[in-house]
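One-letter residues, chain by chain:
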Amino acid sequence: MSEPRSYLVCASQRSGSTLLVESLRATTVAGNPEEFFQYLPSTSRSPQPRQWFEGVTDEAVLSLLAPLEPGTADTRTAEQWRDQLLSLGRTPNGVWGGKLMWNQVPLVLDRAAGLPDRSGDDLRSALDDILGGDLAFIHVYRRDVVAQAVSMWRAVQTQVWRDDATPPAPHDGAEYHAGGIAHLVRILRDQDEQWRNWFEVEGLDHIDIGFDDLVAAPQATAAKVLVELGLDADLAPPPPLKRQSDGRSKEWAERYLSDATANGLPL
C-alpha cells in the first residue's frame with residue numbers, strides 16, 4: 001500500500017461535507033479535518049448570519065437574522081497560524097485533513113500573503129505554501145441546490161449547524177422567506193461552480209463525492225475515500241452524525257420551487 005496522503009475537502013455549506021469529514025476523523029488515522037479557514041481575523045469567529053446577507057436590504061429577511069456579535073481580533077502571525085492548523089489537523093501517522101469552502105478562499109489568500117518565501121499569489125500556491133504538496137482534493141457537492149439553500153436558510157436563523165445536534169423543532173422560530181432562500185441559492189451555486197472551474201483550470205485530479213451518495217451509503221462512501229487516500233477501507237465507521245433535514249425542509253423546498261417559477265427566482 002502506498003503512503004497515505006493528506007487531503008483537503010473542497011465544498012460549500014450544507015453539502016454533506018461535515019458527515020464525510022466526521023467519518024474520516026472517526027477512523028483516528030485520517031487526520032483531524034476541521035474547517036480551519038472559516039475564522040475571520042477581525043473577530044476570530046466564522047461568518048455570522050447577517051454577514052451572509054451583506055448587500056441585502058430587505059428588512060423582512062434581515063429581521064429574521066440574529067444581530068452581529070463582537071469578537072476578538074486574531075493576533076497570530078501567518079506562520080503561527082499555519083503551524084497551529086498543521087498541528088491540529090494531523091494524526092500521528094502524518095495524515096493532515098481539512099475543509100475549505102469557496103467563500104473562505106480570500107481568507108486563505110490573506111493569511112498566506114504573510115508567509116515568507118511565497119511560491120506565488122494564487123490559491124494553488126497558497127495551499128502549497130500552507131499545506132505542502134501531494135495533497136489530495138475531495139470535492140463534495142449537492143445537486144439539489146434548492147434543498148441545500150433551504151437547509152442553510154434554516155441554519156442561519158436557528159444557528160444550529162451541526163448534523164449531530166438535535167434537529168430543529170417544528171416551531172423553532174425559523175420562518176420561510178423566498179428572498180432569503182434565493183440569496184443563498186445564488187451563493188451556493190456560485191461556490192460549486194467556482195470549485196469546478198478551479199479544478200479544471202488547474203488541471204487537478206480530485207475525488208468527487210455527491211451528497212446523495214453520502215446520505216444513501218455514508219459508510220461505503222467514506223470507505224471509498226479512505227482507499228483513495230491510501231488508507232484501510234475497513235476503518236470506515238458507521239455514520240457518526242444524524243441528518244437534520246425533515247418534512248418541513250421538504251415543504252419549504254417545494255414551496256420555493258413554486259415561488260421561483262412564478263417570480264423568476266434562481267433555481
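A short tour of the structure in this document, coming up. Predicted, not measured: the structure shown is a model, and the values here were computed from it.

Rules behind the numbers
- Along each chain, residue indices are assigned from 1 in the same order as the chain's sequence is written.
- Only residues with pLDDT of at least 70 get local features here, since the model is predicted, and only at 80 or more are side-chain atom pairs given and counted; chain-wide, interface and lining totals rely on the full set of residues.
- Only hydrogens and water are removed before side-chain values are computed, so all heavy atoms of the structure are retained for them.
- Only DSSP runs of H or I reaching four residues or more are called helices, and only runs of E reaching two or more are called strands; each is numbered from the N terminus.
- Throughout, radius of gyration means the C-alpha value; the globule benchmark is 2.2 Å times the number of residues raised to the power 0.38.
- For every residue, the accessible area (1.4 Å probe, protein chains only) is compared with the maximum for its type, and the residue is labelled buried under 20%, exposed over 50%, or partly exposed between those bounds.
- Pairing between strands is defined by DSSP: at least two bridges between them are needed.
- Here, axes are lines fitted to C-alpha atoms. For helices the fit covers the stretch in contact, and angles between N-to-C directions go from 0 to 180 degrees.
- Any angle that is under 35 degrees is reported as roughly parallel, and any over 145 degrees as roughly antiparallel; angles of 65 to 115 degrees are reported as roughly perpendicular and all others as oblique.
- For this analysis, residues touch if any pair of their heavy atoms sits within 4.5 Å.
- Side-chain classes follow a simple rule in which Ala, Val, Leu, Ile, Met, Phe, Trp, Tyr, Cys and Pro form the nonpolar group, Asp, Glu, Lys and Arg form the charged group, and the remainder, Gly included, forms the polar group.
- Starting at the helix axis, one direction is taken to each C-beta atom, and the arc is that of these directions.

Side note on the overall build of the protein chain
- Within the protein chain, the regular secondary structure consists of 10 helices and four strands.
- Going residue by residue from the N terminus, the α and β elements of the protein chain occur as β-α-α-α-β-α-α-β-α-α-β-α-α-α.
- Scaling as 2.2 N^0.38, a compact globule of 267 residues should have a C-alpha radius of gyration of about 18 Å, and the protein chain matches this with 19 Å.
- Taking the principal axes of the C-alpha coordinates as reference, the protein chain spans close to 55 × 40 × 35 Å.
- In the protein chain, buried positions account for 50% of the 267 residues.

Here's the deal with the pairing of strand β3 (residues 135-141)
- Burial analysis of β3 places seven of its seven residues in the buried class, the great majority of the element.
- Judged by which residues are buried, β3 turns out to be covered on both faces: Leu-135, Phe-137, His-139 and Tyr-141 on one side and Ala-136, Ile-138 and Val-140 on the other are all buried.
- Sheet topology places strand β1 (residues 6-11) next to β3; five bridges connect them, and they run parallel. Paired with Leu-8 across the strands is Phe-137, a residue of β3.
- Where β3 lies against strand β4 (residues 207-210), four bridges are found, and the strand directions are parallel. Looking across to β4, one finds that Tyr-141 is bridged to Gly-210.

Looking at the packing of helix α3 (residues 78-88) against helix α5 (residues 123-131)
- Where α3 contacts α5, the two axes come as close as 9 Å, and the packing angle between them is 70 degrees. Relative to α5, α3 is oriented roughly perpendicular. Seen from α3, the contacting residues are Trp-81, Arg-82, Leu-85 and Leu-86; seen from α5, they are Asp-129, Ile-130 and Leu-131.
- Looking at the contact of α3 with α5, its residues break down into five nonpolar, no polar and two charged.

Things to note about α3
- Taken residue by residue, α3 has Ala-78, Trp-81, Arg-82, Leu-85 and Leu-86 as its buried positions. Seen along its axis, α3 keeps its buried residues to an arc of 125 degrees; they face one direction.
- Contacts from the buried residues of α3 go to α4 (105-112) and α5.

Details of unusual backbone geometry
- In this model, Thr-28 sits at a positive phi of 70 degrees, which is unusual for a non-glycine residue.
- Within the secondary structure, Thr-28 is located in the loop between α1 (17-26) and α2 (59-62).
- Positive phi, close to 55 degrees, is recorded for Gln-159, a residue that is not glycine.
- Within the element layout of this structure, Gln-159 appears in the loop between α6 (145-158) and α7 (178-202).

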